[in-house]
Amino acid sequence: MIRHIVLTKFRAEVTKAEIDSLFAKLADLKPFIPGMRGFDGGVSVSPEGLEQGFRHGFSIDFDDAAARDAYLEHPEHKALGGQLVGLLEGGVAGLVVFDLVVDATS
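Residues numbered from 1 in each chain as written. Predicted model: local features only at pLDDT ≥ 70, side-chain atom pairs only at ≥ 80, totals over all residues. Heavy atoms only, no water.

**Q** Can you walk me through the pattern of salt bridges in this structure?
**A** Two side chains with opposite charge may pair up if their charged atoms get near one another. For the structure on display, the rule yields 8 salt bridges. Notably, a salt bridge pairs Asp-61 with Arg-3, separated by 2.7 Å at the nearest N-O pair. Within this pair, whereas Asp-61 is found in strand E3 (residues 56-62), its partner Arg-3 is found in strand E1 (residues 2-8), the two being separated by 58 residues in sequence. Taking the relative accessible area as the measure of exposure, Asp-61 reaches 17% and is therefore buried. The salt bridge partner of Arg-55 is Glu-51, with a shortest N-O separation of 3.5 Å. (Salt bridge = Lys/Arg side-chain N within 4 Å of Asp/Glu carboxyl O. Helix = DSSP H or I, 4+ residues; strand = E, 2+ residues; numbered from the N terminus. Buried < 20%, exposed > 50% of the residue type's maximum accessible area, 1.4 Å probe, protein only.)

Here it is, written out as structure tokens:
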């Protein structure tokens, strides 16, 4: 399984409603992407305070790298990704993407 982790640094004027709407649209891709297992997103609740400005994030689990790659190439993902980057501090500089192989049996 692949866990696709995205951390975001939204511009100060971006509203909670805008963020929630964008995250909901990303979650709504699940029926269109075979192997997309689910979407979790929101604001950091870490008590450590080490977010370095990356206060929101989301993760998506995929069956495998092929399912993740299909998501990355999907036209709606590309459109939503462009919207996301447009809401971030410094554009793509306000984004961290990390994909992790997860043992789904443990």
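**Q** Help me understand the nonpolar core in this model?
**A** The tendency in soluble globular proteins is for nonpolar side chains to be buried side by side. In this structure, Phe-10, Leu-26, Met-36, Phe-58, Phe-62 and Tyr-71 are the most contacted members of the largest nonpolar core, which totals 21 residues. When contributions to this core are tallied by element, the ones reaching two or more residues are E1, helix H1 (16-27), strand E2 (36-43), E3, helix H2 (65-73) and helix H3 (75-86). At 4 residues, the largest contribution of residues to this core is made by H1. Once residues within four sequence positions are removed from consideration, Tyr-71 is found in contact with His-4, Leu-26, Leu-29, Ile-33, Met-36, Phe-58, Ile-60, Phe-62 and His-77. (Core = buried A, V, L, I, M, F, W, Y, C linked by side-chain atoms within 4.5 Å. Contact = heavy atoms within 4.5 Å.)

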